[in-house]
Amino acid sequence: MNLNEVKEWLGSDWTRVQEILSSALGSDIDLLNKVNAAILANSGKQLRPVLSLLVARACGQVNGDTYKYAAAAELLHNATLLHDDVADESDTRRGKPTINSLMGPSASVLVGDFWLVKAMGCILDAEHSSNEVIRIFAKTLSDLAEGEMLQLQKADSCDTTEEDYLRIIYSKTASLFEASAVSAAISAGVSDDVREAVRKIAVSLGLAFQIRDDIFDYSLDMNVGKPVGADILESKITMPLIGAFANAGTAEEARVRELVRNIASNPEARGEICAFVHENGGIAYAQQKLEAFIDEAVATLEILGDSEEKRLLARVVNYVGDRKI
């Protein structure tokens, strides 16, 4: 599936979201405009506003509030990436140099703050339910911060369980998918049961999205824009490694957890840890978990009734599970 085809199908709805993004980011500071334009030109999949528009259309109504909430989701997503690049000391993102590498961490944080404020401005400009949607996005920001801190805590202790991991990826990834979809459903004026179904679809989609990303980290034959084992070098225990632990004995698990804990002083152990994951079925374990979330999302879509938008949502969900980058 090609997401650009979905964007073309969305037509004027998609164009309107892009116009709001550009307008929201306007400034009389030339440097800021140049930086914002560069970020927009390298904006990636823009999956969250795609999700917002498809949800609202599947629920029967797209309006001015929908466009603003969809734009807010994309603005907030990029704000968090600008901050993440500082926290992770990242030099590249989507194959291009980060603002952090080009201009330093202070500029990256400031630009991230600008995008965050503009996201909130888009929501406040909505005609209906902006207070409720602000609370939803505020919860997402809280989730993001707590997820990052829990991940740091677990990177230090290296005792991450599957439950810990799912909480981390809900907080860091799925919560923004949730906000994108639920805010769109609110803009369409749906009933409580449809809203809850939309929430479940988005959370399952977000969890699957992050598990897929974490599988990439162990994929030797894929060009995914970061070196294999990058998460290991940050002492992050993700689903493939958790799956390998489940299939290995407790002694091997303890030994490998210790390798992860001490990876900073022995980065050469990355290869051994990757081999452990492949030899103990960690990729297959993670893939099975991913597919379960995809199946759950597709099954929950049935509440939306029959429409081309629902069929496209199902295709987007399956794309997330199958994507190669």
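Only a predicted model underlies this, so the values are computations on that prediction, with no experimental measurement involved. (Residues numbered from 1 in each chain as written. Predicted model: local features only at pLDDT ≥ 70, side-chain atom pairs only at ≥ 80, totals over all residues. Heavy atoms only, no water.)

Peer 1: Where do I start with the environment of N262 in this structure?
Peer 2: The topology assignment puts N262 in the loop between α13 (250-261) and α14 (269-279). Sequence-wise, N262 and C158 are 104 residues apart; in three dimensions their C-alpha atoms are separated by 9.6 Å. (Helix = DSSP H or I, 4+ residues; strand = E, 2+ residues; numbered from the N terminus.)

Peer 1: Looking at this model, I keep getting lost on the nonpolar core. Mind explaining?
Peer 2: One recurring pattern in soluble globular proteins: nonpolar side chains tend to sit buried together. V55, W115, F137, I211 and L241 are the most contacted members of the largest nonpolar core, which totals 102 residues. In this view, L241 contacts Y218, V256, V260, I273, F276 and V277; residues no more than four positions away in its chain are not counted. (Core = buried A, V, L, I, M, F, W, Y, C linked by side-chain atoms within 4.5 Å. Buried < 20%, exposed > 50% of the residue type's maximum accessible area, 1.4 Å probe, protein only. Contact = heavy atoms within 4.5 Å.)

Peer 1: Can you help me understand the layout of surface pockets in this one?
Peer 2: Over the atoms rolls a probe the size of a water molecule, and in doing so it shows where empty space is left. By volume, the second largest pocket amounts to about 260 Å³. Lining the second largest pocket are 14 residues, and of these A38, I39, N42, P97 and I99 sit closest to its centre. Contributing elements (two or more residues each) for the lining of the second largest pocket: α3 (30-41), α5 (64-87), β2 (96-97) and α6 (99-103). Tallying contributions element by element places α5 first for the lining of the second largest pocket, with 4 residues. Counted by class, the lining of the second largest pocket contains 7 nonpolar, 3 polar and 4 charged residues. (1 Å grid on protein atoms, 1.4 Å probe; cavity = no way out; pocket = protein on both sides within 12 Å on 5 of 7 lines; lining within 4 Å. Points joined across faces, edges and corners; volume = space filled by probe spheres on them. Nonpolar A, V, L, I, M, F, W, Y, C, P; charged D, E, K, R; others polar.)

Peer 1: Honestly, helix α1 (residues 3-10) in this entry has me stumped. Any pointers?
Peer 2: For an α-helix the count is 3.6 residues per turn, leaving residues at separations of three or four pointing the same way. Here α1 has its buried residues at L3, V6, K7 and L10. What you see down the axis of α1 is that its buried residues fit within an arc of 100°, all on one side. Here the buried face of α1 lies against α2 (12-24), α4 (47-58) and α16 (308-322). Capping the start of α1 is the job of one residue whose side-chain oxygen sits 2.8 Å from the backbone nitrogen of N4: N2. At the C-terminal side of α1, G11 shows a positive phi close to 55°. (Arc of directions from axis to C-beta. Polar contact = N/O pair within 3.5 Å; in protein donor to acceptor, adjacent residues only side chain to side chain.)

Peer 1: Even after reading the chapter, I still don't get the side chain of Q151, so can you show me in this structure?
Peer 2: Summarising the element assignment, Q151 is placed in helix α8 (residues 130-157). For Q151, a relative accessible area of 17% gives the class buried. For Q151, the contacting residues outside a window of four places in its chain are I168, K172 and K236.

Peer 1: Help me out: how do you make sense of the packing of aromatic side chains in this one?
Peer 2: Aromatic ring pairs are described here by two measures, namely the spacing of the ring centres and the angle between the planes. Under the criterion given, the structure shown has 2 aromatic pairs. On the basis of an interplanar angle of 50° and a centroid distance of 5.5 Å, the ring pair of F177 and F209 is categorised as tilted. Of this pair, F177 sits in helix α9 (residues 162-187) while F209 sits in helix α10 (residues 192-216), and the two are 32 residues apart along the sequence. Here F177 matches F209 in class, with each residue buried. Pairing F245 with F276 gives two aromatic rings, centres 5.9 Å apart and planes at 50°, and the pair type is tilted. One end of the pair, F245, is in helix α12 (residues 239-247); the other, F276, is in helix α14, with 31 residues separating them in the sequence. Looking at F276, the relative accessible area reads 3%, which means it is buried. In this structure, R48 packs its charged tip against the face of F209, placed 5.7 Å from the ring centre. When the ring centre of F209 is taken as reference, the NZ or CZ atom of R323 above it lies at 3.9 Å. (Phe/Tyr/Trp six-rings, centres within 6.5 Å; stacked < 30°, edge-to-face > 60°. Lys NZ or Arg CZ within 6 Å of the ring centre and 35° of its normal.)

Peer 1: In this structure, what is going on with the packing of α4 against α5? I would like to understand it.
Peer 2: With their axes 8 Å apart at the nearest point, α4 and α5 run at an angle of 160° to one another. If you check the angle between α4 and α5, you find them roughly antiparallel. For α4 against α5, the interelement crossing comes out right-handed. Contacts between α4 and α5 involve R48, P49, S52, L53 and A56 on the former and, on the latter, T66, Y67, A70, A73, E74 and H77. By residue class, the composition of the contact of α4 with α5 is 6 nonpolar, 3 polar and 2 charged. (Axes fitted to C-alpha atoms, helices over the stretch in contact; angles between N-to-C directions. Parallel < 35°, antiparallel > 145°, perpendicular 65-115°, else oblique. Left-handed = near helix turned anticlockwise from the far one by under 90°.)

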